[in-house]
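# A structural walkthrough
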Amino acid sequence: ALPGVLSVGMISELPLSGQPNDNYFSIAEHPPQDPKQQVTADYRRTNHDYFRAMNIPLLRGRYFSEQEARTDGKVVVINETFARDYFPDEDPLGKHLMIEVGETLVPYEIIGVVGDVRHRSLEGGVYQMMYVPTLQVGNTNLVVRTASDPQGFASSVRQQVLAIDRDQPVSAMRTMSDVLSESIAQQRFRTLLLTIFAAVAMILAAVGIYGVIAYSVTQRTHEVGIRMALGAQPRDVLRLILRQGLALTLIGIGLGLAGAFALTRVMSGLLFGVSATDPLTFAGITLLLTFVAMLACYLPARRATRVDPMVALRYE
């Protein structure tokens, strides 16, 4: 009823909420050899417009109809992972799942296959999913897709719900961006700590390199004076000092890369959407460290090029 609202869905457990809801099932056309064998899949109850509201793509078959949602129709939609795992060489449409309802196995016909959604967490992988149609869910998650910023619809949506039932509580109104942010709050905190530690380590490394090169330049002041007195140009001195710093830097980066590759298994659990041995990341960090190290070497090297040969020859 609200202008700007494109579709409205309903689901028992929201994606990325961390709420598992497994249910036992079997495939009627492929009964298990052992009758006592039980398998589970994530089980969600939705209305007919949920997939459209969440932009979950339909890969095969069809979505639920409104009539099926109103009458708790005995049809089911599965996700792509479910179809790939249990129907690898056949079309799942038209097959039947025996889903446990209460203590009874009820046959549900598969009418559609939809795209995968990470319901538990971003890092938890994708699980087999079964969606069944209903309008009767206890604690309902209402999903509203809007044409503009959803934050501006919060009060209007609340008013529409209360207009239907004044005693219906409406709480925890959030955008999906907020839901996503909350689901990765712990990972973000760990990443922030690692970033701070990495930045401090880089600063300490830069200060250390600067100190070592500056001390080396001071120790070699007499040598620099002799070289310049014999005709060495400032760029030659600069190249000499930078070459020394670059050698130390390359040794350090080589040892660091070896250690990083050795610890990739520890880091793999903290990453999403990128491998622990991502070449682009390793190349970017290597270039960044090289740049910082060269900058730390350049400052004392530049100072060495300004040494007066006569002053340097008298230096002890």
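Here the structure is shown first, and the text comes after it.
Residues numbered from 1 in each chain as written. Predicted model: local features only at pLDDT ≥ 70, side-chain atom pairs only at ≥ 80, totals over all residues. Heavy atoms only, no water.

A general tendency of soluble globular proteins is for nonpolar side chains to be buried together. Of all hydrophobic cores here, the largest spans 19 residues; its most connected members are Tyr50, Phe51, Ile56, Phe64, Val77, Val114 and Tyr131. Among the elements of the structure, α1 (50-53), β5 (75-79), β7 (104-114) and β8 (129-133) are those that each provide at least two residues to this core. A per-element tally of this core places α1 first, with three residues. Leave out the neighbours within four places in its chain, and Val77 touches Phe51, Arg62, Phe64, Ile111, Gly112, Val113, Val114, Met129, Met130 and Tyr131. Membership of the second largest hydrophobic core comes to 17 residues, among which are Ala41, Val76, Phe82 and Ile110. (Core = buried A, V, L, I, M, F, W, Y, C linked by side-chain atoms within 4.5 Å. Buried < 20%, exposed > 50% of the residue type's maximum accessible area, 1.4 Å probe, protein only. Helix = DSSP H or I, 4+ residues; strand = E, 2+ residues; numbered from the N terminus. Contact = heavy atoms within 4.5 Å.)

There is a patch of nonpolar side chains on the surface, built from Phe189, Leu192, Leu193, Leu194, Ile196, Phe197, Val200, Leu204 and Met267 and spanning about 850 Å² of accessible area. Among the elements that take part in the nonpolar patch, helix α6 (residues 185-219) stands out by supplying eight residues, more than any other. Position of Leu192 among the secondary structure elements: in helix α6. Assessed through its relative accessible area of 48%, Leu192 is described here as partly exposed. (Patch = residues over 30% accessible without salt bridge, like charges linked within 9 Å, V, L, I, M, F, W, Y side chains within 5 Å. Areas by Shrake-Rupley, 256 points an atom, 1.4 Å probe, with all protein chains shown as cover. Salt bridge = Lys/Arg side-chain N within 4 Å of Asp/Glu carboxyl O.)

We now examine the pattern of salt bridges. In this structure the tally under the stated criterion is nine salt bridges. In this structure, Arg44 and Asp42 form a salt bridge, with 3.9 Å as the shortest nitrogen-oxygen distance. According to the relative accessible area criterion, Arg44 is buried, its value standing at 0%. Each of Glu13, Asp42 and Arg44 takes part in one network of salt bridges that share partners.

Turning our eyes to something else, we now look at the pairing of β7. Strand direction decides the pairing type here: strand β4 (residues 58-61) and β7, joined by three bridges, are antiparallel. Across the sheet, Arg60 pairs through a bridge with Val113, a residue of β7. Bridge count for β5 against β7 is five bridges, and the pairing is parallel. Residue pairing in the sheet places Val76 in a bridge with Ile110 of β7. In textbook terms, the turn of a hairpin is the stretch between consecutive antiparallel strands, and for strand β6 (residues 96-101) and β7 this stretch comprises two residues, one of which, Gly102, has a positive phi near 70°. (Pairing = 2+ DSSP bridges.)

Quick look at the environment of Tyr108 now. Positionally, Tyr108 belongs in strand β7. Note on Tyr108: relative accessible area 7%, which makes it buried. Tyr108 sits 102 residues away from Tyr210 along the chain, and the two C-alpha atoms are 71 Å apart. Dropping the residues within four chain positions of it, Tyr108 is found in contact with Gly73, Lys74, Val75, Val76, Lys95, His96, Leu97, Ile99, Val101 and Val132.

Here the focus is the packing of aromatic side chains. For the structure on display, the rule yields eight aromatic pairs. Between Phe25 and Phe82, the ring centres sit 5.1 Å apart and the planes meet at 45°, which makes this aromatic pair tilted. Here the residue Phe25 occupies a position in strand β2 (residues 22-27), and Phe82 occupies one in helix α3 (residues 80-86), the gap between them amounting to 57 residues. Using a relative accessible area of 4% as the deciding quantity, one classes Phe25 as buried. Measuring from ring centre to ring centre gives 5.9 Å for Phe51 and Phe64, while their planes differ by 50°; the resulting arrangement is tilted. On the criterion of sequence distance, the pair formed by Phe51 in helix α1 and Phe64 in the loop between β4 and α2 (66-70) is long-range, its members being 13 residues apart. There is no split in this pair, since Phe51 and Phe64 are both buried. Through successive ring pairs, a cluster of aromatic residues spans Tyr50, Phe51, Tyr63, Phe64 and Tyr131. (Phe/Tyr/Trp six-rings, centres within 6.5 Å; stacked < 30°, edge-to-face > 60°.)

Moving on, we get to α6. Its 35 residues place the ends of α6 51 Å apart at the C-alpha level, agreeing with the 51 Å of an ideal helix rising 1.5 Å per residue. Among the residues of α6, Gln187, Ala206, Ile213, Ala214, Ser216 and Val217 are the ones counted as buried. Buried positions along α6 lie against α5 (176-183), α7 (221-229), α8 (234-262) and α10 (279-305). (Expected span 1.5 Å × (residues − 1).)

A word on the pairing of strand β3 (residues 39-46). With four bridges connecting them, β2 and β3 associate as antiparallel partners. Each residue of the ladder has a partner; that of Asn23, found in β3, is Ala41. The sheet contact formed by β3 and β8 spans five bridges and is parallel. Bridging across to β8, Arg44 finds its partner in Tyr131.

The next point concerns unusual backbone geometry. A positive phi angle is found at Asn55, which is not glycine, with a value near 55°. Take Asn55: it is sitting in the loop between α1 and β4. A residue is classified by how much of its surface remains accessible, and Asn55, at 54% relative accessible area, is exposed. Here Ala172, not a glycine, exhibits a phi torsion of approximately 55°, which is positive. Tracing the backbone shows Ala172 in the loop between α4 (154-164) and α5.

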